[in-house]
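# Results of the structural survey
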Amino acid sequence: MRIAVIGAGYVGLVSGTCFAEMGNTVTCVDADVSKIKKLNQGILPIFEPGLAALVQKNSTQQTLFFMDDIASAIKNAAIVFIAVGTPMAKDGAADLQYVDAVAEAIGKTMQHDLVVVNKSTVPVGTADRVQAIIKEELQLRKVAFDIAVVSNPEFLKEGAAINDFMKPDRIVIGTDSPKALELLKQLYSPFFRTHDRFITMDVRSAEMTKYAANTMLATKISFMNEIANICEKVGADANQVRIGIGSDSRIGYHFIYPGTGYGGSCFPKDVNALWNIAKEHDYDAQLIAAVEKVNTEQKGVIAKKIVKRFGEDLTGFTFGVWGLAFKPGTDDMREAPAITVIKELVKRGAHIKAYDPKAMQEAETLYLKGIQQIEYATSKYGVLKDANALILLTEWKEFRSPDFQEIKAQLKSPVIFDGRNQYNAFGLEEKGFEYYQIGKTSTNERR
């Protein structure tokens, strides 16, 4: 099948590449000419495990192409996926300017009947909006083509996106068009040959499903962090509480790890967007508002612990930081807790030595750009020399079982602030460390 994917960002690039891997002929389109040029040279704009190899393989086999011309890309396509960004506007709502622009371009250039699929995360009612824009352009051209706009939300986890796409938990399709539904069943059938996980519903329910799923997961994270903060107040251990509640099959262990809060491109944006959708329809979504409020405050918890330990004035203090990305397996720093923690320390005069396996370029050129008190190390142990404490903010595998003797030997003082509770089972206080974590008061904090 010939497919066009408009938007060669995270979702578009992963989706297009995986469709090509299954034998389809895919053209990915992006308005960023520089990005397209690099993609044609095999240079990817993102890091995602396994993606570069698949892009190279399918480009070589001529099943995956990159261009900046929508008209050429959709000329012979049976399905056009819209996978452009929907960034958060100043009021927290989803900004649909790029979706609108693509819909307009499709309407101006399509030459035959088309199935248009919204892969971007968009507010309820966007499919109707896209259809109206395309039809308006067709009317201006005085041509008539059959157009079906479908909602097909993505459920990809950064760091595991290839596996998520190739072995999906479910494929959600929102449409009232039998023809579009049959075409998408054909497209997705290779991805679930042993289990039928193809879920169909009306368009608006499919659009809502994406927001509901991400907000549910974000709610679990904020709930557990709220519990962790209470645990510190009452002398309980959130790590043990997590095990106690996670053993209940109705709750489960996923997304109930205490930490510094969620970040990334999805949860913060989608939680705010859903709250705005509710507001636009005269509903006060109090729980959703609380989820985001708890998360915003949680990002500052580790910084508060550091200030409590070393004082408000951190001039002359150096802190080694392990992890900048919002989660392991990606270079994405959007809304990463590390941004909040580092800025809170730097504004108090601290010097930062940071290391991340993938996200340091993102930090240096974008998210922490221009901050003079940061230096970037080439290895995890490179941040330790003469540092007053080590701060863990992203649970990359290489940080999970470090050489604590080496850490202790290099730090000025054996102090660790663990924002991901990775080391709670290592008995660090018995090894002579001051150990601070989320959801359990340390011996030093009790003094």
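Residues numbered from 1 in each chain as written. Predicted model: local features only at pLDDT ≥ 70, side-chain atom pairs only at ≥ 80, totals over all residues. Heavy atoms only, no water.

### Here we look at the environment of isoleucine 371
Structurally, isoleucine 371 can be placed in the loop between α15 (360-367) and β11 (374-376). Residue classification places isoleucine 371 among the partly exposed residues on the basis of a relative accessible area of 21%. Spatially, the C-alpha atom of isoleucine 371 lies 9.9 Å from that of lysine 347, the residues being 24 residues apart in sequence. Residues within four places of isoleucine 371 in sequence aside, it is in contact with Lys343 and Val346. (Helix = DSSP H or I, 4+ residues; strand = E, 2+ residues; numbered from the N terminus. Buried < 20%, exposed > 50% of the residue type's maximum accessible area, 1.4 Å probe, protein only. Contact = heavy atoms within 4.5 Å.)

### Side note on the pattern of salt bridges
By the definition in use, this model includes 20 salt bridges. Across the pair glutamate 434 and arginine 309 runs a salt bridge whose closest N-O atoms are separated by 2.6 Å. Taken as a pair, glutamate 434 in strand β14 (residues 434-437) and arginine 309 in helix α13 (residues 301-310) lie far apart in primary sequence, 125 residues in all. By relative accessible area, glutamate 434 is classed as buried at 17%. Notably, a salt bridge pairs aspartate 332 with arginine 334, separated by 2.9 Å at the nearest N-O pair. Residue classification places aspartate 332 among the buried positions, given a relative accessible area of 6%. (Salt bridge = Lys/Arg side-chain N within 4 Å of Asp/Glu carboxyl O.)

### Observations concerning the nonpolar core
Counting 56 residues, the largest nonpolar core has Phe319 and Leu324 as its most contacted members. It is helix α14 (residues 337-346) that contributes the most residues to this core, six residues altogether. The contacts of phenylalanine 319, once residues within four sequence positions are left out, are Ile306, Phe310, Leu314, Leu345, Ala350, His351, Ile352, Lys353, Ala387, Ala389 and Ile391. Counting 42 residues, the second-largest nonpolar core is a separate cluster that includes Val14, Leu54, Ala83 and Val115. (Core = buried A, V, L, I, M, F, W, Y, C linked by side-chain atoms within 4.5 Å.)

### As for the sheet that holds β11
An order of β11-β10-β9-β12-β13-β14 is seen for the six strands of this open sheet, with the pairing classed as parallel. Two strands bound the open sheet, and with one partner strand each, they are β11 and β14. Sheet twist, expressed as the average angle between the axes of neighbouring strands with direction ignored, equals 20°. Relative to strand β12 (residues 389-392), strand β9 (residues 318-322) runs parallel, the two sharing four bridges. Its bridge partner being in β12, tryptophan 322 is matched across the sheet by leucine 392. Of the strands in this sheet, β9, β10 (351-355), β11 and β12 are in contact with α14, which crosses β10 at around 155°. (Pairing = 2+ DSSP bridges. Axes fitted to C-alpha atoms, helices over the stretch in contact; angles between N-to-C directions.)

### Here's the deal with the environment of leucine 324
Here leucine 324 is to be found in the loop between β9 and α14. Look at leucine 324 and you get buried, because its relative accessible area is 0%. Sequence separation between leucine 324 and glutamate 395 is 71 residues; the distance between their C-alpha atoms is 9.9 Å. With residues up to four places along the chain from it excluded, the contact list for leucine 324 reads Met333, Ala336, Ala338, Ile342, Ala354, Asp356, Ala359, Met360, Ala363, Leu368, Tyr376 and Thr394.

### Thoughts on α13
One turn of an α-helix holds 3.6 residues; hence residues three or four places apart share an orientation. With seven of ten residues buried, α13 is to be regarded as a mostly interior element. Of all the positions in α13, only Val301, Ile302, Ala303, Lys305, Ile306, Val307 and Phe310 are classed as buried. In the stretch just after α13, glycine 311 is the one whose phi turns positive, near 105°.

### So, the packing of aromatic side chains
Under the criterion given, the structure shown has 21 aromatic pairs. Measuring from ring centre to ring centre gives 5.3 Å for phenylalanine 310 and phenylalanine 319, while their planes differ by 75°; the resulting arrangement is edge-to-face. Using a relative accessible area of 13% as the deciding quantity, one classes phenylalanine 310 as buried. Aromatic rings pair up to connect Phe19, Phe81, Phe165, Tyr188 and Phe191 into one cluster. Just above the ring of phenylalanine 155 sits the side chain of arginine 170; from NZ or CZ to the centre is 3.7 Å. Above the plane of the ring of phenylalanine 433 lies lysine 408, whose end atom (NZ or CZ) is 5.8 Å from the centre. (Phe/Tyr/Trp six-rings, centres within 6.5 Å; stacked < 30°, edge-to-face > 60°. Lys NZ or Arg CZ within 6 Å of the ring centre and 35° of its normal.)

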